[in-house]
Amino acid sequence: MDYMIGIDIGTTSVKTVLFDNVGKVQGYSNNLYPLYQDVPDMAEEDPDEIFSSIVDGLTTVLRKANLSAGELKGVSFSAAMHSLILLDENHKPLTRAITWADNRAVKYADQLRENGIGKQIYEKTGTPIHPMTPLTKLIWLRNDHQDLFNQARWFVGIKEYVIYKLFGVLKEDYSIANATGMFNIFKMDWDDQALELAGVDRDQLPELVDTTDTVSGMNPDYAKVIGIDPDTPFVMGASDGPLANLGVNAIDPSVVAVTIGTSGAVRVVTDKPKIDPKGRVFCYYLAPNKWVVGGPVNNGGIVFRWVRDQLFAPEKLTAEQMKIDSYDLLTEIASKIPAGSDGLIFHPFLGGERAPIWDANARGSFFGLTRNHTRAHMVRAALEGIVYNLYTVLIALEEVVGKPTSIQATGGFARSALWRQMLADIFEQDVTIPESVEGTALGAAVLGMYSLGLIDDLSEVKNFVGVTNVHHPNPETYEAYRALVPIYIRLSRQLQTEYKAIADFQRSQDAKKKASNHDL
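Residues numbered from 1 in each chain as written. Predicted model: local features only at pLDDT ≥ 70, side-chain atom pairs only at ≥ 80, totals over all residues. Heavy atoms only, no water.

Caption draft 1: Quick look at the overall build of the chain. Counting secondary structure elements, the chain contains 17 helices and 23 strands. Taking 2.2 N^0.38 as the reference for a compact globule, 520 residues should give roughly 24 Å; the C-alpha atoms of the chain span a radius of gyration of 22 Å, in line with that estimate. Each of the three principal axes of the chain carries a C-alpha extent, and together these read 65 × 50 × 50 Å. Looking at the 520 residues of the chain, the share that counts as buried comes to 57%. In the structure as shown, the chain presents an accessible area of about 20,800 Å², 49% of it carried by carbon and sulfur atoms. Between the averaged position of the 49 positive side-chain charges in the chain and that of its 65 negative side-chain charges there is a distance of 4 Å. (Helix = DSSP H or I, 4+ residues; strand = E, 2+ residues; numbered from the N terminus. Rg over C-alpha atoms; globule rule 2.2 N^0.38 Å. Buried < 20%, exposed > 50% of the residue type's maximum accessible area, 1.4 Å probe, protein only. Areas by Shrake-Rupley, 256 points an atom, 1.4 Å probe, with all protein chains shown as cover. Lys, Arg positive; Asp, Glu negative; His and termini not counted. Charge placed at Lys NZ, Arg CZ, Asp CG, Glu CD.)

What follows is the structure, encoded as structure tokens:
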């Protein structure tokens, strides 16, 4: 039998998944690593910790599988978008990997939006102006950390760093490049205006290649540790969002993919680039004649984690002692509360927000609290708030690409029946849950199969994706959600006038605390 490995380099872990030639999982490893947040708005990872996790994941999966020679046809990558690493002339990191969740470039993102240049850049790159992008990160580094910026010989993302370590070549696929904010989606090349703004020359960036491009000839030392033939082809792959669509068989223009992992997204595939006149959604490359239009949100499962850790610490401890999943316990508590949480609304902007408001200063809030509300109401409101926000992204997306006919949902949230039903009820559409919750890794593997000629067309993913659940909207929830969603949207707009003020206050308090701790 033929086998393909999909590697999904995520925000908090790397998943290494071995698939057979009919898309069934035959091996799995999930290797965690920390997110460093030493100062306000920081969100960084250690690139070498990630690299070690990838080596460990491959080693674990291949040793357990014990494949015969030639059975592993290839390995294909997925990676989180928007990461930035500065390398010196010897390709050694000068920084950690600055992730999409890092908001320290917020001042420069605001400036680009206010002076109109950001709109020009968005219309050519398809990437909304936000501190998540390497474009704004580079402007921030060039202005606020000039010595560090000037030491850099290369500017890369985490996938490019991993590939260099394994194969000694610097290449960047169109999909990851697209998400930097410096790639012209109509010319399929770096954009001169964006590069000038960033202060970067073309020869400081990796070679651009298609997502189907392959590399081989692995460093023999790593090949020996992993237990892999060094000539095994590794497919460049794409970014995680587009591959998540592919992995859940949402590549027909009428099918929307909804993903909720640490963060979340709503996306649909088109046959050519499409730009939103209002700048609310992205447009990212997947493969020839396949573009993914959609909106990402910062606040997905990470909000649920916050609720668990900060509001339900005793229950978390109880779950650990009983050896049950703490999230299952919380969803059971939330299920006892009626749809709409008795009028309690939660805006889940704990880490700023991307789509649809694109405001790194956005902050979370409960609205409508009364003496009758309990912590159970709060956990349900938090889960509903995440879905409300995804629904506002869908509204924006429909203006650009039209109304979908079906929704495919995936991500860690898909394990929760309550959350799946919320999605169907708030969206008022059937929601299909693919058989494999590791859709992004499967998307990478399918793209790899296509690149290596193991399948003739990406549409063959339909043969690999089964269905485990279909949730139909419950009409009994319509009245509550139809009344609350407009309030949620109006509040989002009205509060935007105050987000910067409260964010500036919080940053000033953090700075005072840091100065006080330094004096001690």
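Caption draft 2: Focus on the UniProt feature "domain: Carbohydrate kinase FGGY N-terminal" (unreviewed entry) in the chain. Under the UniProt annotation, the feature "domain: Carbohydrate kinase FGGY N-terminal" (unreviewed entry) is placed at residues 3–247. Between the end C-alpha atoms of residues 3–247 the distance is 16 Å, and the span holds 37% helix and 24% strand. (UniProt positions renumbered as here; feature names shortened; annotations may be inferred.)

Caption draft 3: Here's a closer look at the sheet that holds strand β21 (residues 406–410). Spatially, β17-β18-β16-β15-β21-β22-β23 is the arrangement adopted by the seven strands of the open sheet, whose pairing is mixed. Each edge of the sheet is formed by a strand with only one pairing partner; in this case those strands are β17 (282–287) and β23 (467–471). Taken pair by pair, the neighbouring strands of this sheet meet at an average axis angle of 30 degrees, ignoring direction. In this sheet, strand β18 (residues 290–297) lies alongside β17 in antiparallel orientation, the contact comprising five bridges. Its bridge partner lying in β18, Phe 282 is registered against Gly 294. Strands in contact with helix α14 (residues 375–401) are β15 (255–260), β16 (264–270) and β18; relative to β16, the strand with the most contacts, it is inclined by about 20 degrees. (Pairing = 2+ DSSP bridges. Axes fitted to C-alpha atoms, helices over the stretch in contact; angles between N-to-C directions. Contact = heavy atoms within 4.5 Å.)

Caption draft 4: Quick look at helix α4 (residues 134–144). The element α4 is extensively covered by neighbouring structure, given that eight of its 11 residues are classed as buried. Restricting attention to buried positions, one finds in α4 the residues Pro 134, Leu 135, Thr 136, Lys 137, Leu 138, Ile 139, Trp 140 and Leu 141.

Caption draft 5: Representation of the domain arrangement of the chain. The domain architecture assigned to the chain consists of domain 1 (2–232) and domain 2 (248–512). Contacts between domain 1 and domain 2 engage 49 residues on the former and 42 residues on the latter. Summed over the three residues of domain 1 that lose the most area to domain 2, namely Met 4, Trp 100 and Tyr 122, the buried surface amounts to 15% of that side. The shortest N-O distance in the salt bridge between Arg 507 and Asp 41 comes to 2.7 Å. For the pair domain 1 and domain 2, the number of links is 13 residue pairs in polar contact (both at pLDDT 80 or more). (Domains from an automatic or database assignment. Buried area = accessible area lost by both parts, 1.4 Å probe. Salt bridge = Lys/Arg side-chain N within 4 Å of Asp/Glu carboxyl O. Polar contact = N/O pair within 3.5 Å; in protein donor to acceptor, adjacent residues only side chain to side chain.)

Caption draft 6: A look at the pattern of salt bridges. A complete count under the given rule lists 28 salt bridges for this structure. The partner of Arg 96 in a salt bridge is Asp 38, and the shortest N-O contact between them spans 2.6 Å. In this pair, Arg 96 is assigned in the loop between β6 (85–87) and β7 (97–98) and Asp 38 in the loop between β3 (25–32) and β4 (44–45), connecting sequence segments 58 residues apart. Arg 96 gets classed as partly exposed once you look at its relative accessible area, which sits at 23%. We classify Asp 38 as exposed; its relative accessible area is 54%. Across the pair Asp 276 and Arg 280 runs a salt bridge whose closest N-O atoms are separated by 3.0 Å. Residue Asp 276 shares its accessibility class with Arg 280, and that shared class is buried. Salt bridges sharing common partners tie together Asp 38, Glu 44, Arg 96, Asp 102 and Arg 104.

Caption draft 7: Just the side chain of Arg 104, in detail. Along the chain, Arg 104 falls in the loop between β7 and α2 (106–114). Exposure remark for Arg 104: the relative accessible area of 19% places this residue in the buried category. In this structure the side chain of Arg 104 is engaged in a polar contact, spanning 2.7 Å, whose partner is the side chain of Glu 44. Of the polar contacts made by the side chain of Arg 104, one reaches the side chain of Asp 102; its length is 2.6 Å. Those residues in contact with Arg 104 that sit more than four places away from it in its chain are Val 39, Pro 40, Asp 41, Met 42, Glu 44, Ile 98 and Trp 140.

Caption draft 8: Looking closely at unusual backbone geometry. Residue Pro 356 is reached from Ala 355 by a cis peptide bond, and omega for that bond is -5 degrees. With respect to the helices and strands, the residue Pro 356 is situated in the loop between β19 (345–347) and β20 (365–367). In this structure, Asn 249 is a non-glycine residue whose phi angle is positive, near 60 degrees. For Asn 249, the position within the fold is in the loop between α10 (240–247) and β15. Non-glycine residue Lys 323 carries a positive phi angle of around 60 degrees. Looking at where Lys 323 falls in the secondary structure, it is placed in the loop between α12 (313–322) and α13 (326–334).

Caption draft 9: Inspection of the pairing of β15 at higher detail. Of all six residues that make up β15, six are buried, and the element is covered over most of its length. Residue alternation in β15 divides its side chains into two sets, Val 255, Ala 257 and Thr 259 and Val 256, Val 258 and Ile 260, and both sets are buried. Relative to β16, β15 runs antiparallel, the two sharing five bridges. Looking across to β16, one finds that Ile 260 is bridged to Gly 264.

Caption draft 10: Main features of the packing of helix α11 (residues 301–311) against α14. For the pair α11 and α14, interaxial distance at closest approach is 10 Å and the crossing angle is 165 degrees. The angle between α11 and α14 falls in the class roughly antiparallel. The handedness of the crossing between α11 and α14 is right-handed. Note on element contacts: α14 touches α11 through Arg 375, Met 378, Val 379, Ala 382, Leu 383 and Ile 386, opposite Val 303, Phe 304, Val 307 and Leu 311. Its residues placed into classes, the contact of α11 with α14 shows nine nonpolar, no polar and one charged. (Parallel < 35°, antiparallel > 145°, perpendicular 65-115°, else oblique. Left-handed = near helix turned anticlockwise from the far one by under 90°. Nonpolar A, V, L, I, M, F, W, Y, C, P; charged D, E, K, R; others polar.)

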